[in-house]
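Spelled out, the chains give:
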Amino acid sequence: KGKQQSHAMELMSVVVADTDNHRVLLFKPDSEEGIVVAGGHGEGDRLDQLSVPCGVSVDGDGSIIVADCGNARVMRWPRG
């Protein structure tokens with residue numbers, strides 16, 4: 001039952017492209033502060049950086065897919 005509850009909570013989470021801060025945040029239910037799940041190392045074109053993320057999605061395995069508009073690329077961050 002614990003795994004089912006954990007999975008249900010993940011499904012209710014919200015993922016946000018924080019464009020001006022070049023990162024993607026995950027907000028869990030009832031949280032007031034987001035967790036950085038992609039980028040977060042300043043603006044740039046390294047693999048751990050984003051530049052103006054303009055879209056975000058979560059695929060079936062929980063990976064974060066980011067449209068990194070400033071770098072004209074799509075990035076994938078595996079879950080975890």
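Presented here is a report on the structure given in the accompanying data block. (Residues numbered from 1 in each chain as written. Predicted model: local features only at pLDDT ≥ 70, side-chain atom pairs only at ≥ 80, totals over all residues. Heavy atoms only, no water.)

A short note on the overall build of the protein
Piece 1. From N to C terminus, the protein includes one helix and six strands.
Piece 2. Ordering the α and β elements of the protein from the N terminus gives α-β-β-β-β-β-β.
Piece 3. Expressed as a percentage of its 80 residues, the buried residues of the protein come to 25%.
Piece 4. Accessible surface, the protein: about 5,300 Å² in total, of which carbon and sulfur atoms supply 52%. (Helix = DSSP H or I, 4+ residues; strand = E, 2+ residues; numbered from the N terminus. Buried < 20%, exposed > 50% of the residue type's maximum accessible area, 1.4 Å probe, protein only. Areas by Shrake-Rupley, 256 points an atom, 1.4 Å probe, with all protein chains shown as cover.)

Regarding the pattern of salt bridges
Piece 1. Counting across every chain of the model gives five salt bridges.
Piece 2. A salt bridge links Asp-68 to Arg-73, with the nearest nitrogen and oxygen atoms 2.7 Å apart.
Piece 3. Because the salt bridges share partners, they merge into one network encompassing Asp-59, Asp-61 and Arg-76. (Salt bridge = Lys/Arg side-chain N within 4 Å of Asp/Glu carboxyl O.)

Some words on the sheet that holds strand E3 (residues 35-39)
Piece 1. The strand order E1-E2-E3 describes an open sheet built from three strands, whose pairing is antiparallel. What marks the edges here is a single partner per strand, and that holds for strand E1 (14-18) and E3. Recorded for the sheet is a direction-independent mean angle of 25° between the axes of neighbouring strands.
Piece 2. Pairing of strand E2 (residues 23-27) with E3, which is carried by four bridges, proceeds in the antiparallel orientation. (Pairing = 2+ DSSP bridges. Axes fitted to C-alpha atoms, helices over the stretch in contact; angles between N-to-C directions.)

Quick word on the state of the cysteines
Piece 1. This model, assessed by the stated rule, comprises one disulfide.
Piece 2. Here Cys-54 pairs with Cys-69 through a disulfide, and the sulfurs are 1.6 Å apart. Of this pair, Cys-54 sits in strand E4 (residues 53-58) while Cys-69 is found in the loop between strand E5 (64-68) and strand E6 (73-77), placing the two residues 15 residues apart along the sequence.
Piece 3. Assessed through its relative accessible area of 45%, Cys-54 is described here as partly exposed. (Disulfide = S-S within 2.5 Å.)

Looking at the nonpolar core
Piece 1. Core analysis: the biggest nonpolar cluster contains seven residues, these being Val-24, Ala-38, Leu-50, Ile-64, Val-66, Met-75 and Trp-77.
Piece 2. Elements with a minimum of two residues in this core: E5 and E6.
Piece 3. Look past the residues within four positions of Trp-77 in its chain and what remains in contact with it is Val-37, Ala-38, Gly-39, Leu-47, Gln-49, Leu-50, Ser-63, Ile-64 and Val-66. (Core = buried A, V, L, I, M, F, W, Y, C linked by side-chain atoms within 4.5 Å. Contact = heavy atoms within 4.5 Å.)

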